[in-house]
Structures are given as structure tokens and as C-alpha cells.
Amino acid sequence: MFAPSGSSSISGSASASFSSGSSNSSSSTGTGASSTNSTSVSGSASGSAERGEANNNHNHNLSLQLNGNGNNGNNSNSHSSSSSSSVITNGNNSNSHNNSNNNTHTNLISGFCSSIWRSATFGTATPVVVSASAAAATASVSVSGSAMSDCSSSSLSVSPDAACLADNDDEDQQQRQPLQRSEAGSTDSYLAQDSDVAQQPQTFLGATELDDELIKQLPKEVLLRVFSYLDVVSLCRCAQVCKYWNVLALDGSSWQKINLFDFQRDIEGPVIENISQRCRGFLKSLSLRGCQSLGDQSVRTLANHCHNIEHLDLSECKKITDISTQSISRYCTKLTAINLDSCSNITDNSLKYLSDGCPNLMEINVSWCHLISENGVEALARGCVKLRKFSSKGCKQINDNAIMCLAKYCPDIMVLNVHSCETISDSSIRQLAAKCPKLQKLCVSKCADLTDLSLMALSQHNHLLNTLEVSGCRNFTDIGFQALGRNCKYLERMDLEECNQITDLTLAHLATGCPGLEKLTLSHCELITDDGIRHLTTGSCAAEILSVLELDNCPLITDRTLEHLVSCHNLQRIELFDCQLITRTAIRKLKNHLPNIKVHAYFAPGTPPAVTSGQRPRYCRCCEIL
């Protein structure tokens with residue numbers, strides 16, 4: 001019976017084998033199950049030792065095994081001066097000062113990574129005491145070299161209390177009392193008294209009191225760099241381990257990018273104020289999306305302390321008003337992106353404040369802010385000439401004058417979304433196309449007054465266009481899309497839903513002129529037939545590029561369409577709702593050829609057959625019951 005080993009190796013495919021004699025042996029790899037209690041941190045090392053023929057260091061520390069093979073007494077022990085770990089080196093090598101230094105530094109990193117892993121998994125950095133018999137039955141544990149980044153996974157077993165963000169005054173009560181740890185015996189006593197050692201408790205992962213000392217020897221900058229890879233959940237858990245970790249985990253440098261969407265129901269004013277006071281100038285990106293309890297006072301405190309913030313998401317924070325944006329514009333002059341989607345109390349004054357105080361603004365979203373009008377957009381365009389992305393989806397007061405101001409003062413516009421801005425006409429889109437040659441994404445869905453003149457202007461000036469959404473633009477015809485197919489070679493996504501005047505000719509032009517087309521929506525295009533889909537599938541985009549095709553409510557589509565789509569090897573999803581001429585048999589055949597495809601279809605229940613024999617009853621069943 002062998003006592004479990006408490007070693008840790010840095011290796012990508014670490015392995016260790018222990019044998020008694022020449023026949024009975026048991027081996028464990030980084031992923032295998034054995035009686036060895038070891039930890040592997042990525043590298044490329046392996047080690048083996050034979051009992052009775054090679055001396056081992058059994059102080060139950062994290063040990064580093066580098067390219068070692070214990071062979072019949074050819075290996076000699078190499079001990080570090082701190083006696084914190086053992087190094088098994090190649091063949092006939094003896095002790096060396098360089099190996100001891102490398103061993104010490106590697107154990108510092110290894111010990112700290114192990115503590116991080118234990119804290120993120122069990123909520124404490126203190127090793128868990130297990131009995132010798134339990135340790136002998138425990139499979140070896142592997143921790144990859146990217147353990148520092150893996151600790152940032154949000155799929156942790158226990159979520160931190162939101163109060164950890166709001167109040168840190170009782171940090172003394174958050175410390176964990178260290179559990180009982182085993183004492184390491186010398187090598188000679190270990191070999192001489194197997195039975196006594198086997199009954200001594202072993203610590204989980206073979207860690208000892210020296211782990212804490214090893215971690216404290218690392219420079220603070222190194223520890224902070226490790227914590228910088230953790231997310232909010234992991235940081236809050238690490239902050240509850242001890243005072244030292246509390247200081248490190250809550251250091252502002254670890255909170256440069258914060259997303260509190262998962263805690264939106266718990267986040268209130270004091271939480272944001274505490275975060276802003278702690279992070280201060282370190283904070284650069286903050287998402288408060290959906291935090292509906294957030295008010296102007298909290299945003300004012302945030303802006304007053306975090307002057308270097310660049311990305312701010314306040315979407316669906318329905319309590320904030322122009323007072324918040326005024327504070328942001330006054331203190332956050334480095335702001336480059338702000339999201340005010342669905343902030344219904346925001347008015348034109350907010351855009352004026354941002355125009356005056358945030359000249360570096362490049363992205364803004366004011367979708368569904370119904371109080372925004374052309375006056376606010378004009379002020380924004382005059383002051384924020386670096387604007388690249390502008391979204392005003394659902395803002396009914398946005399008109400041609402607003403779009404013309406953007407085109408005039410912001411020639412570098414690349415993304416524009418004016419979905420449901422119903423008063424926009426060809427005149428503003430033509431000016432936008434002429435003055436903004438870098439335009440790549442345009443959404444004018446539900447702008448029903450637009451005609452082919454807009455499409456022709458886009459095809460003439462915006463050759464970099466890759467996304468076009470024109471759902472509900474019923475005046476577009478094959479002529480406009482023919483022009484697009486001729487000049488806009490980089491189109492990847494097109495939404496043509498309810499463009500009910502287009503025919504198969506549009507698909508023929510897109511198939512030949514747009515080789516990179518990935519997603520195409522043709523729902524409610526009632527003139528599209530099987531021939532149009534055949535043109536599309538024979539184009540250069542179909543075989544390897546086309547991945548999504550939506551054909552809802554295309555009444556002329558039949559099973560022949562699905563036969564044509566068999567050649568689209570990259571097709572991942574197809575929509576066939578209310579395509580009455582499509583059968584289940586054709587869908588099954590398509591799935592046989594493309595097993596990974598997702599087909600969304602709906603088949604109405606069959607109509608009951610008519611009564612053909614017998615006398616029709618005078619009263620129906622309902623009448624009889626009544």
C-alpha cells in the first residue's frame with residue numbers, strides 16, 4: 001500500500017507512475033483516475049518514480065517535475081533552499097543553483113494558481129482536509145495553463161451576494177478559518193513508516209501552510225495581473241477569502257470593464273456609487289443595461305469619480321433623465337460610445353450636452369427615445385464630427401433634416417439605423433449616400449416612402465455596403481436591386497421582407513453580383529418562385545457561403561426549392577412558415593442531405609373529411625346539449 005503523493009506538475013500531458021516491484025504498478029495521467037493526489041498546470045513535463053529505487057521528497061508541497069524519468073537509482077534529489085518543493089531532473093544531473101531558482105519561481109505561480117482555483121470552486125483558498133483512504137481513492141486533478149483565465153468563467157456553483165459590491169466594511173467577518181493541515185515528514189521517515197503516514201490526514205491538492213507564504217512572495221503587480229482576468233463573480237468570491245485577497249480583488253485596476261446585466265434586479269444606487277468610488281480612473285467600460293432602479297444621483301456620482309470611462313451602456317435604465325447625461329458630458333470627456341436605448345425620459349437636451357462635452361463620441365444609440373427630434377440630432381452632429389454609428393430606431397420625430405445633418409457634419413458614418421422613422425424619403429438617403437462613402441450598414445426598414453432612387457444612389461456611392469435592411473419598403477422593385485447587385489460586391493446580409501414587388505430577377509442579379517451573401521430574408525415576397533431559388537443556388541455564394549434563408553409566406557415555393565437547396569452545403573437554417581406547397585417528405589430529404597440544417601416550418605392541421613353517407617343530422621351536438 002502506497003501513501004498518496006501530493007505533488008503538482010506543470011505539464012500539458014503530465015504523467016506519473018508508481019510501482020512496487022516489476023509487476024504491480026499503477027499509473028496516473030493528467031486526466032486519468034488513480035490514487036495519486038496531484039495537480040497539473042499546463043506545460044510539457046512528465047515524471048515517473050519507482051518505489052524503493054528513487055528517493056522522493058514527500059513534504060506534500062506543490063512540486064515541479066520537469067522531463068524526469070526515475071530509473072534504478074540514476075536520479076538524485078534536487079531541493080530548493082526554501083524547502084518548498086522538489087524538482088526531479090533528467091538522468092544523472094545533480095543539484096544546481098539555477099534549478100532551485102526556477103523551482104521556487106514556478107512554485108510561486110503554481111501555488112497561486114491552485115489557490116485561485118480553490119477559491120473560485122470552493123469559495124475558499126484554504127485546502128480541504130481529506131483522510132488518507134479518501135485521498136487514495138481520489139482521481140488526480142488537472143488545472144490547465146490557462147487556469148487564470150478559466151477562473152473567470154461565470155458558471156460558478158455559488159453566486160456572490162450583491163452586498164459584496166455595495167458594502168465591504170465587514171471584511172473581517174469574511175475570512176475563512178484555516179482547516180487542519182497535514183505535516184510533512186522527512187524522506188527517510190516516510191519510507192520507513194508507511195503505515196503511520198497512511199493514517200495521517202492529507203490536504204486537498206497536497207497544499208500546505210507554505211502556500212500562503214509562496215503567494216505572498218509574488219510581487220503585488222503579478223497578483224493584480226492574475227485578478228485582472230476574473231469576472232465580477234470570481235472577484236467577489238476571491239474578496240471573501242482573506243484580507244490580503246480582499247485588497248487585491250477589490251483593487252480598482254481589476255475593475256476596468258464591468259458588466260452588471262446579470263445583477264440588474266439587485267443593483268441599486270449605493271452599489272454603483274461604491275463601485276465608482278473604488279474604481280475611479282481605472283474604469284473604462286461599464287454596462288448597466290436593465291438596471292431600472294438606477295437614478296440620476298448614481299450616474300452623477302459615477303461620472304464625478306470615473307473620468308476615464310469610454311464605453312457606457314445605460315439602455316433600459318428608465319429612471320435616468322437629461323440630468324444624467326449632463327453629468328456625463330461634464331466629467332467624462334473621453335467617452336466614445338454610449339447606449340441610451342429605451343431611456344424614455346431622454347430629450348434633445350441630452351444630445352446637446354453630449355455634443356458640448358464629448359467631442360470624441362463615435363457611437364450613440366437613442367432607439368425608442370420618442371422625445372428625440374431633428375434638433376437634438378443636428379446639435380449632436382455639429383459637435384461630434386467623429387461619429388461612426390448612429391441608431392434611432394423607433395424615433396418617429398427623426399426626419400430628412402436629421403439625416404441630412406448627419407451626412408453633412410459626420411462624413412465618416414459607417415452604421416445608420418433609422419428603422420421605423422417613417423417620414424424619411426429618398427432625398428435624405430441620396431444625400432447620405434453621396435457624402436458618406438464609408439457607409440457599411442444601413443437599416444431603413446419600415447421607411448415606406450423610399451423608392452428605387454435610394455437603392456441606385458447607394459449602389460453608385462457606397463461600394464463597401466455589406467448589410468442592408470429594407471423590410472417593409474414596398475416601393476422597391478427589381479430595378480433597384482439590379483443596380484445593387486451590379487456595384488455592391490460586398491453585400492453579406494439582406495433583409496427584403498415584404499418587398500412584395502421583387503421577382504426572381506432580383507435573385508438572379510444578387511446571385512451573380514454578390515458572392516459573399518450569407519443571410520437573405522425573402523419573407524412575404526409573394527412573387528418569388530422555385531426558379532428564383534434555382535438562380536440563387538447556382539450563384540457563387542450558394543455552395544459555401546449562404547447560411548440562412550428565410551422564405552416565410554412565399555406561396556409559390558414548392559418542394560423543388562428544397563431540391564435546389566441541397567447544393568448549399570453551408571446552409572444552417574431555413575424558414576418555411578406558411579409555405580403551403582412544401583411537404584414533410586421534401587423536408588426529410590433535405591435533412592438527409594444536410595443533417596445539420598434547422599428547418600422551421602408549420603403545417604396546419606388537416607381538415608376533417610366531409611360526411612358522404614347517411615342522413616345529415618338536423619341538429620349539431622352543441623344544439624343537442626343546449
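Residues numbered from 1 in each chain as written. Predicted model: local features only at pLDDT ≥ 70, side-chain atom pairs only at ≥ 80, totals over all residues. Heavy atoms only, no water.

### Some words on the overall build of the chain
- Each helix and strand in the chain was counted, giving 24 helices and 24 strands.
- Burial statistics for the chain: of 626 residues in total, 49% are counted as buried.
- Within the chain, contacts between residues separated by at least 24 positions form 77% of all contacts whose residues are at least 6 apart in sequence.
- For the chain, the exposed surface amounts to about 29100 Å²; the carbon and sulfur share of it is 48%. (Helix = DSSP H or I, 4+ residues; strand = E, 2+ residues; numbered from the N terminus. Buried < 20%, exposed > 50% of the residue type's maximum accessible area, 1.4 Å probe, protein only. Contact = heavy atoms within 4.5 Å. Areas by Shrake-Rupley, 256 points an atom, 1.4 Å probe, with all protein chains shown as cover.)

### Overview of the environment of D322
- Summarising the element assignment, D322 is placed in helix α13 (residues 322-331).
- A C-alpha to C-alpha distance of 8.9 Å links D322 and L351, two positions 29 residues apart in sequence.
- Beyond its immediate stretch of four places on either side in the chain, D322 contacts N345, I346, T347, N349, S350 and Y353.
- In this structure the side chain of D322 is engaged in a polar contact, spanning 2.4 Å, whose partner is the side chain of T347. (Polar contact = N/O pair within 3.5 Å; in protein donor to acceptor, adjacent residues only side chain to side chain.)

### Looking at helix α8 (residues 220-227)
- Every buried residue of α8 is accounted for by L223, L224, V226 and F227. Along the axis of α8, the buried residues cluster in a sector spanning 155°; they form a single face. Residues of α8 that are exposed and point over 90 degrees away from its buried face: E221 and R225. (Arc of directions from axis to C-beta.)

### Description of the packing of helix α18 (residues 452-461) against helix α19 (residues 478-487)
- Between α18 and α19, whose axes approach to 8 Å, the crossing angle comes to 10°. For the element pair α18 / α19, the angle class is roughly parallel. From α18, D452, L455, M456, L458 and S459 reach across to α19, where they touch I479, G480, F481, A483, L484 and N487.
- In terms of residue class, the contact of α18 with α19 is made up of seven nonpolar, three polar and one charged. (Axes fitted to C-alpha atoms, helices over the stretch in contact; angles between N-to-C directions. Parallel < 35°, antiparallel > 145°, perpendicular 65-115°, else oblique. Nonpolar A, V, L, I, M, F, W, Y, C, P; charged D, E, K, R; others polar.)

### What to know about the pairing of strand β23 (residues 573-576)
- Bridge analysis of strand β22 (residues 548-550) against β23 gives three bridges, and the strand direction is parallel. Along β23, the bridge assignment pairs E550 with E575.
- Between the parallel elements β22 and β23, the chain passes through helix α22 (residues 559-564) in a crossover that is right-handed.
- Following the backbone out of β23, through helix α23 (residues 584-593) and into the adjacent parallel strand β24 (residues 598-601), one traces a crossover that is right-handed. (Pairing = 2+ DSSP bridges. Right-handed = clockwise from strand over helix to strand, strands pointing away.)

### Topic: the pattern of salt bridges
- Across all of its chains, the model carries eleven salt bridges by this definition.
- The closest approach of N and O atoms between E378 and R382, which form a salt bridge, is 3.2 Å. Separated by four residues within a single helix, E378 and R382 lie in helix α15 (residues 374-383), roughly one turn from each other.
- E378 gets classed as partly exposed once you look at its relative accessible area, which sits at 28%.
- In this structure R382 comes out as partly exposed when scored by relative accessible area, which is 49%.
- Between E422 and K396 there is a salt bridge, with the nearest N and O atoms lying 3.2 Å from each other. With E422 in the loop between β17 (415-417) and α17 (426-435) and K396 in the loop between β16 (389-391) and α16 (400-409), this residue pair connects regions lying 26 residues apart in the sequence.
- For K396, a relative accessible area of 43% translates into the label partly exposed.
- Connected through shared salt-bridge partners, R388, D412 and K438 make up one network. (Salt bridge = Lys/Arg side-chain N within 4 Å of Asp/Glu carboxyl O.)

### Focus: the state of the cysteines
- Throughout the structure, instances matching the rule amount to zero disulfides.
- Note on C421: no disulfide assigned, nearest cysteine sulfur contributed by C395 at a separation of 6.0 Å.
- What makes C421 buried here is its relative accessible area of 0%.
- The closest cysteine sulfur to the non-disulfide-bonded C447 is located on C421, 6.0 Å from its own sulfur. (Disulfide = S-S within 2.5 Å.)

### Describing the nonpolar core
- Judged by nonpolar contacts, the single largest core of 131 residues is most densely connected at I364, F390, L416, L468, L496 and L520.
- Counting residues per element, this core draws most heavily on α16, at six residues.
- Every residue in contact with I364, bar those within four places of it in the chain, is listed here: I338, L351, L354, L380, L387, K389, F390 and S391. (Core = buried A, V, L, I, M, F, W, Y, C linked by side-chain atoms within 4.5 Å.)

### Considerations on the packing of aromatic side chains
- Using the criterion set out here, one finds two aromatic pairs in the structure.
- Judged by centre distance (5.6 Å) and plane angle (85°), the ring pair of F227 and W245 falls under edge-to-face. With F227 in helix α8 and W245 in helix α10 (residues 243-249), the pair connects residues that are 18 residues apart, well separated along the chain. We note that F227, like W245, is buried.
- Relative to F481, the ring of F476 lies with its centre 6.1 Å away and its plane at 90°, an arrangement referred to as edge-to-face. In terms of burial, F476 and F481 fall into one category: buried. (Phe/Tyr/Trp six-rings, centres within 6.5 Å; stacked < 30°, edge-to-face > 60°.)

### Regarding a nonpolar patch on the surface
- A cluster of nonpolar side chains, L453, M456 and I479, forms an exposed patch at the surface whose accessible area comes to about 260 Å².
- The topology assignment puts L453 in helix α18. (Patch = residues over 30% accessible without salt bridge, like charges linked within 9 Å, V, L, I, M, F, W, Y side chains within 5 Å.)

### Section: the pairing of β24
- Bridge analysis of β23 against β24 gives four bridges, and the strand direction is parallel. Bridging from a neighbouring strand, L576 pairs with A601 of β24.

### Digging into the environment of L335
- Note on placement: L335 falls in the loop between α13 and β14 (337-339).
- Residue classification places L335 among the buried positions, given a relative accessible area of 0%.
- A sequence separation of 28 residues divides L335 from H307, and the C-alpha atoms of the two residues are 8.8 Å apart.
- Among residues more than four places away in sequence, those in contact with L335 are I309, E310, H311, L312, I328, L354, C358, N360 and L361.

By themselves, these figures tell us nothing about what the structure is for.
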